[in-house]
Amino acid sequence: MNKKLIAIAALFPLFALTGCAASAQDPKGSFTTVAPATPTATPSRDATPAADGIVDTVYVEVFPGKTFKAKHGCRCTLPDSNQELFPMGTPVIFVKFTMSGEWKPSQGNQTYQDVTGTTLNGTQFDGRPEPAVLDTADGPSAAKAAGLAWLPSGIFHGKTNWTIPNDKERSFGAAWYLPAGVDRLLLTMNVPSEGQPLHLTVPLPPSATDAANVSGE
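The rules behind these values
Residues numbered from 1 in each chain as written. Predicted model: local features only at pLDDT ≥ 70, side-chain atom pairs only at ≥ 80, totals over all residues. Heavy atoms only, no water. Disulfide = S-S within 2.5 Å. Buried < 20%, exposed > 50% of the residue type's maximum accessible area, 1.4 Å probe, protein only. Pairing = 2+ DSSP bridges. Helix = DSSP H or I, 4+ residues; strand = E, 2+ residues; numbered from the N terminus. Contact = heavy atoms within 4.5 Å. Salt bridge = Lys/Arg side-chain N within 4 Å of Asp/Glu carboxyl O.

Caption draft 1: Structural detail: the state of the cysteines. Throughout the structure, instances matching the rule amount to one disulfide. Residue Cys74 pairs covalently with Cys76 via a disulfide, S to S 2.1 Å. What sets the handedness of the Cys74 and Cys76 disulfide is the S-S torsion sign, and at about -90° it is left-handed. We note that Cys74, like Cys76, is buried.

Caption draft 2: Up close: the sheet that holds strand β6 (residues 149-150). Here we have five strands laid out as an open sheet, ordered β1-β2-β3-β8-β6, and mixed in their pairing. Two strands close off the open sheet at either side, each with one partner strand: β1 (51-54) and β6.

Caption draft 3: Spotlight on the environment of Gly139. Its location among the elements puts Gly139 in helix α2 (residues 139-145). Overall, the relative accessible area of 0% leaves Gly139 in the buried class. As a C-alpha pair, Gly139 and Ala174 span 35 residues in sequence and 6.5 Å in three-dimensional space. When near neighbours in sequence (up to four residues on either side) are disregarded, Gly139 contacts Phe94, Trp150 and Ala175.

Caption draft 4: Inspection of the pattern of salt bridges at higher detail. Going through the model one piece at a time under the given rule, you end up with three salt bridges. In this structure, Lys104 engages Asp56 in a salt bridge whose closest nitrogen and oxygen atoms are separated by 2.9 Å. Placement of the pair is Lys104 in the loop between β3 (91-101) and β4 (112-114) and Asp56 in the loop between β1 and β2 (58-69), with a sequence separation of 48 residues. For Arg128, the salt bridge identified is with Glu130, shortest N-O distance 2.8 Å. By relative accessible area, Arg128 is classed as partly exposed at 24%.

Take a look at the structure:
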């Protein structure tokens, strides 16, 4: 009996060592199974705008996107012509815009900027005399597919007063029929509260210029 007790007592240090080893491994196991925190990129930001600018308190960024073929013609003609200017199958360039408010000291505690009545009227393609023609047939669907409002008015859903917060983006999309041989969009964004329009030269991506050159062949 004494021999059995002595034998069991001799095993206690082994049990203790085994328990220590197990407890020593637990923190290590937890460390390997829990991934360290890593910074994540903000999904709403595009890498680099093709053009950006500001007149006074509304900062604008422009991101030309994909090019697609129009499923409908523009039903428009040049003066003294009966031929449709942009028939079905014409390439169309989709463009994303972001606007964000920029506070200035004279505004005191104002946390927003007024963009009521913002338009893109006057936009045209470099080298073309006529205004750029919006694809109002297929453009809204392209904007919806991209998760964007169609044109500035689409952000505000019929509201009378349009405002954007300072330092926060509001985005919308637009799409224009691509004339043959163009490579730059001459953007005019008119925010009435800014006092004068913002004019930006937007280089088109290769997919758009290639499509424009093909359409002109």
